[in-house]
Amino acid sequence: MLGTRQHTTALGIRAVKALNFRNIGLIGRPGKRSVVDTLQRLHDFLEARGLKPIYDEQTAQLADPGPAQVVSRALLGEVCDLVIVVGGDGSLLHAARALARHKTPVLGVNRGRLGFLTDVAPRELLDKLGQVLAGEYTLDRRFLLQVEVRGADSKVRYEATALNDIVLHSGKSVHMLDFELTIDGHHVYRQHSDGLIMATPTGSTAYALSGGGPILHPNLDAVV
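One structure accompanies this document, and this report is about it. (Residues numbered from 1 in each chain as written. Predicted model: local features only at pLDDT ≥ 70, side-chain atom pairs only at ≥ 80, totals over all residues. Heavy atoms only, no water.)

### Some details on the packing of aromatic side chains
In step 1: Following the criterion strictly, the structure yields one aromatic pair and no others.
In step 2: Measuring from centroid to centroid gives 5.8 Å for Phe21 and Tyr137, while their planes differ by 45 degrees, and the two rings are tilted. Within this pair, whereas Phe21 is found in the loop between helix H1 (7-13) and strand S2 (23-28), its partner Tyr137 is found in strand S7 (residues 137-139), the two being separated by 116 residues in sequence. Per residue, the accessibility class of Phe21 equals that of Tyr137, and both read buried. (Phe/Tyr/Trp six-rings, centres within 6.5 Å; stacked < 30°, edge-to-face > 60°. Helix = DSSP H or I, 4+ residues; strand = E, 2+ residues; numbered from the N terminus. Buried < 20%, exposed > 50% of the residue type's maximum accessible area, 1.4 Å probe, protein only.)

And the structure:
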């Protein structure tokens, strides 16, 4: 993800080489008129600068961008140098999971509620995006969790990547399960509960926080 800074600060603290953003992916949260308006502003802004906006299939149906290039979300990270997500934190998390294997930078525009991750406000969008395109940004790197579900025969039945958290439960909130937790082969505890949440610092403000967990700073190399 990208974090923008004021012009004077960025020149002083930027420690990474500015990336050359030419192909810009656009992803929008469906069902909100304000998202469509923001996508149109982004589209016009990018084209005016000679840059190429590229849409995933769902966002193209939402925004109707005309002759713009449209690809599947799975391919968006492969063809784009930067992806802008317009929506809430949930929209960014879904996009990040699809883009993670390409290590494509993501910039979040808040059209949701809290905006822990999508921290660019719509009113300052074009100014902030202008800073990013000029190289005035810092890269905010987040680590991921990889989950595998194995059967009694040790065969992998399910696998996925998570930016925020992994939740294990029976699918029924009133059904209790017995968990035995080990970390690196060391026994931690057994518990009788309806689920278990494992969260990265990014995910510490989601389900884990609702369950009474701590808020972890994104720079911590830790799991809760």
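### Looking at the pairing of strand S5 (residues 82-87)
In step 1: With six of its six residues buried, S5 lies for the most part within the structure.
In step 2: Burial of S5 is two-sided: the residues Leu82, Ile84 and Val86 facing one way and the residues Val83, Val85 and Gly87 facing the other way are all buried.
In step 3: As paired elements, S2 and S5 share five bridges and run parallel to each other. Bridge pairing in S5 places Ile24 opposite Leu82. (Pairing = 2+ DSSP bridges.)

### So, the environment of Asp221
In step 1: The topology assignment puts Asp221 in the segment after helix H7 (207-210).
In step 2: Accessibility expressed as a relative area gives 74% for Asp221, which makes it exposed.
In step 3: Residues Asp221 and Arg142 lie 79 residues apart in sequence; the distance between their C-alpha atoms is 9.4 Å.

### Regarding the pairing of strand S12 (residues 186-193)
In step 1: In terms of strand pairing, strand S11 (residues 177-183) meets S12 through seven bridges, oriented antiparallel. Pairing of Glu180 across the sheet is with Arg190, part of S12.
In step 2: Counted along the chain from S11 to the antiparallel partner S12, the turn is two residues long, and its residue Asp184 has a positive phi close to 50 degrees.

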